[in-house]
Structures are given as structure tokens and as C-alpha cells.
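Read off the chains here:
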Amino acid sequence: MKKIGIFAYPGCQSLDVIGPAEVFSSANKFNEHPAYEVIIFSFEEGKLKSDGGLTLYAETSWVKLGELVTIIIPGGNQSLTYLGREDIREWLLAKAEDCRRVTSVCTGAFWLAEAGILNNKSATTHWRHCDALQKTYPLIHVDSNAIYLHQGKVSTSAGITAGIDLCLSLVEQDLGYATSVSVAQELVVFYRRPGGQSQFVSLQLAQSSGDTR
């Protein structure tokens with residue numbers, strides 16, 4: 001069974017945690033034996049508040065975590081306040097060596113960037129933060145048009161629901177196309193979202209004008 005660890009720190013975006021968790025847990029429904037164990041962890045075991053006010057529960061702390069196949073770092077309005085913490089940087093670097101995959105959703109990419117994990121790689125994040133990611137970490141090639149990107153064992157995704165797109169692609173890597181499609185159908189989401197992230201933003205801006213064309 002593949003252990004998926006999602007770092008639910010105080011102030012994270014709740015959907016960045018819950019969306020990926022639902023993708024992997026839903027994949028278990030379409031296999032004879034469960035393929036994934038999803039572990040929500042934090043700095044300490046217990047309750048924490050997301051940036052939207054939803055209370056999440058971390059079942060263990062990061063020091064008691066054990067081996068993982070995949071780490072997911074969510075974003076959130078408070079995510080950038082953790083940058084510069086040497087303990088997070090050292091922990092991420094150590095886990096990146098041990099894990100098969102290191103991934104981020106939204107501004108969780110800044111955590112990977114701060115640790116140097118994204119150096120000389122292409123990466124993406126929420127469209128509002130792409131310029132800041134590029135300016136702050138010039139060794140990264142930031143692609144503001146991508147919904148998600150795979151660069152070897154490191155993957156990044158754009159804002160919020162893009163974490164679902166990313167995790168569907170990881171399920172396809174692990175369990176095949178048919179299972180990934182079944183999960184998308186179960187969650188009633190696009191299997192492969194058409195177009196790049198910037199095209200979606202442009203479409204939303206056009207819709208907000210009130211013109212029905």
C-alpha cells in the first residue's frame with residue numbers, strides 16, 4: 001500500500017488538503033485491494049485551522065511520520081509566512097531523498113523552492129503568485145500556463161482545484177488510465193482539463209463582463 005502524506009499546517013488551504021485526499025481515497029474503491037493510505041500530518045498531532053476557518057485534524061506529527069511514497073505540500077494564504085524556517089527546509093530535503101514523489105499544490109511550491117528542490121526545474125503555482133515565484137527563485141523556470149507539471153520525482157500544480165488534476169495524473173501513473181478515469185467520474189470532475197490555466201483565467205474574466213458571447 002502506497003502511503004500518501006499531506007502536510008496540513010495551520011493556515012493551509014483546506015481544499016488543497018481535502019481534494020488530493022479524496023482522489024487517492026476514491027481510487028481505493030476501484031481496486032481489489034486498497035492501493036493508498038492517506039495520512040494527514042502537521043507539526044503536531046491534533047486539530048488545526050485552515051485559512052478558510054475549517055478545522056482539520058492531523059493524525060500524526062511530521063517527526064513521527066515514517067516512510068512515505070508521496071508528500072503533498074498544500075498552499076494557502078498563510079503558506080508564505082513559513083518561508084525561511086530552517087527546520088522545514090531540512091525536513092523537506094531529507095524527505096525528498098526518501099520519497100518517490102514530492103508534490104505541491106498552489107503556493108506550496110514556495111516551500112519546495114525555498115528548499116532548493118525546484119532549482120533548474122520547470123514549476124507552476126497559482127497564477128497570482130507566478131511572478132513572485134520567478135523573481136524570488138530565479139533558478140526555477142516558472143510556467144504560468146500549466147495546470148500541473150511533472151519534473152522527474154517533483155510535481156507542482158496551480159491553484160486549489162488543480163491539485164485534483166495533479167493527483168488524478170499520479171493515480172494514472174500508479175494504477176492506470178481506467179482507474180484514473182473512474183476516479184474522475186466518481187468526483188464529477190474533468191479527467192483532463194482542457195486548456196492551460198491562463199486560458200481559464202481569461203475565460204473567467206470574459207464571463208465577468210456580463211457579455212453572453
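Given the structure is predicted, the values throughout are model-derived calculations rather than measurements.

Visitor: Tell me about the overall build of the protein chain, residues and numbers included.
Guide: When helices and strands are counted, the protein chain shows 7 helices and 11 strands. A compact globule built from 213 residues would reach a C-alpha radius of gyration of about 17 Å, and the protein chain, at 17 Å, matches this within 12%. For the protein chain, the spread of C-alpha atoms along the three principal axes comes to 55 × 45 × 35 Å. Sorting the 213 residues of the protein chain into buried and exposed places 50% on the buried side. Sequence separation of 24 or more characterises 65% of the internal contacts of the protein chain that already satisfy a separation of 6 or more. Put simply, the protein chain shows about 10,300 Å² of open surface, and 51% of that area lies on carbon and sulfur atoms. Computing the positive centroid from 18 side-chain charges and the negative centroid from 22, the protein chain places the two 2 Å apart.

Visitor: For empty space enclosed by the protein, give the residues involved together with the corresponding values.
Guide: One pass over the structure, following the stated rule, counts 1 cavity of 30 Å³ or more. Of the pockets and cavities examined, the largest cavity occupies roughly 50 Å³. If you trace the largest cavity, you find it lined by Tyr82, Leu83, Gly84, Arg85, Ile88, Arg89, Leu92, Trp111 and Glu114. Those elements that place two or more of their residues in the lining of the largest cavity are α2 (86-98) and α3 (109-114).

Visitor: Mind laying out α2, listing which residues take part and the relevant values?
Guide: An α-helical turn contains 3.6 residues, so a residue and the one three or four places further along point in the same direction. Helix length check: α2, at 13 residues, gives a terminal C-alpha distance of 19 Å against a target of 18 Å (1.5 Å per residue), a fit within 8%. When α2 is considered as a whole, its buried residues turn out to be Ile88, Trp91, Leu92, Lys95 and Ala96. Taken end-on, α2 shows its buried residues confined to a sector of 135 degrees, consistent with a single buried face.

Visitor: Outline the packing of aromatic side chains, supporting the account with residue identities and numerical values.
Guide: For the structure on display, the rule yields 15 aromatic pairs. Their ring planes at 65 degrees and their centres at 5.1 Å tell us that Tyr9 and Tyr82 sit as a pair that is edge-to-face. Placement of Tyr9 in the loop between β1 (2-7) and α1 (14-27) and of Tyr82 in the loop between β6 (70-73) and α2 is noted, with a sequence separation of 73 residues between them. Residue Tyr82 is classed as buried on the basis of its relative accessible area, which comes to 13%. Geometrically, the ring pair formed by Trp62 and Trp91 is tilted, given 5.6 Å between the ring centres and 40 degrees between the ring planes. Of the two residues, Trp62 sits in the loop between β5 (60-61) and β6 while Trp91 sits in helix α2, which places them 29 residues apart along the sequence. The exposure classification of Trp62 matches that of Trp91, with both residues buried. Through pairs of rings, three or more aromatic residues link up here, namely Phe7, Tyr9, Phe41, Phe43, Trp62, Tyr82, Trp91 and Trp111. We note Arg85 situated over the ring of Phe43; from NZ or CZ to the ring centre the distance is 4.6 Å.

Visitor: Can you break down the sheet that holds β5 residue by residue, with the values?
Guide: If you trace the 7 strands from one edge of the open sheet to the other, you get β5-β2-β1-β6-β7-β11-β10, paired in mixed fashion. Either end of the sheet is taken by a strand with one partner, and the two such strands are β5 and β10 (148-151). Both β1 and strand β2 (residues 36-42) contribute to a ladder of 6 bridges, which runs parallel. Residue pairing for β2: Phe7 is matched across the bridge by Phe41. Where α2 meets the sheet, its contacts fall on β1, β2, β6 and β7 (101-105), and the angle it forms with β6 comes to roughly 145 degrees.

Visitor: Account for helix α5 (residues 162-175), naming residues and giving values.
Guide: Relative to the 20 Å expected for 14 residues at 1.5 Å per residue, α5 spans 20 Å between its end C-alpha atoms, a close match to the ideal helical length. Within α5, 11 of the 14 residues are buried, which leaves it mostly tucked inside the rest of the structure. Regarding α5, the residues found buried are Ala162, Gly163, Ile164, Asp165, Leu166, Cys167, Leu168, Ser169, Leu170, Val171 and Asp174. One or two steps after α5, the chain reaches Gly176, where phi turns positive at roughly 100 degrees.

Visitor: Just give me the short version of the layout of surface pockets, but keep the residues and values in it.
Guide: The calculated volume of the second largest pocket comes to roughly 180 Å³. In terms of lining, the second largest pocket is formed by 13 residues, of which the most central are Gly76, Asn77, Cys106, His126 and His129. Residues of the lining of the second largest pocket, tallied by class, amount to 3 nonpolar, 7 polar and 3 charged.

What counts, and at which threshold
Residues numbered from 1 in each chain as written. Predicted model: local features only at pLDDT ≥ 70, side-chain atom pairs only at ≥ 80, totals over all residues. Heavy atoms only, no water. Helix = DSSP H or I, 4+ residues; strand = E, 2+ residues; numbered from the N terminus. Rg over C-alpha atoms; globule rule 2.2 N^0.38 Å. Buried < 20%, exposed > 50% of the residue type's maximum accessible area, 1.4 Å probe, protein only. Contact = heavy atoms within 4.5 Å. Areas by Shrake-Rupley, 256 points an atom, 1.4 Å probe, with all protein chains shown as cover. Lys, Arg positive; Asp, Glu negative; His and termini not counted. Charge placed at Lys NZ, Arg CZ, Asp CG, Glu CD. 1 Å grid on protein atoms, 1.4 Å probe; cavity = no way out; pocket = protein on both sides within 12 Å on 5 of 7 lines; lining within 4 Å. Points joined across faces, edges and corners; volume = space filled by probe spheres on them. Expected span 1.5 Å × (residues − 1). Arc of directions from axis to C-beta. Phe/Tyr/Trp six-rings, centres within 6.5 Å; stacked < 30°, edge-to-face > 60°. Lys NZ or Arg CZ within 6 Å of the ring centre and 35° of its normal. Pairing = 2+ DSSP bridges. Axes fitted to C-alpha atoms, helices over the stretch in contact; angles between N-to-C directions. Nonpolar A, V, L, I, M, F, W, Y, C, P; charged D, E, K, R; others polar.

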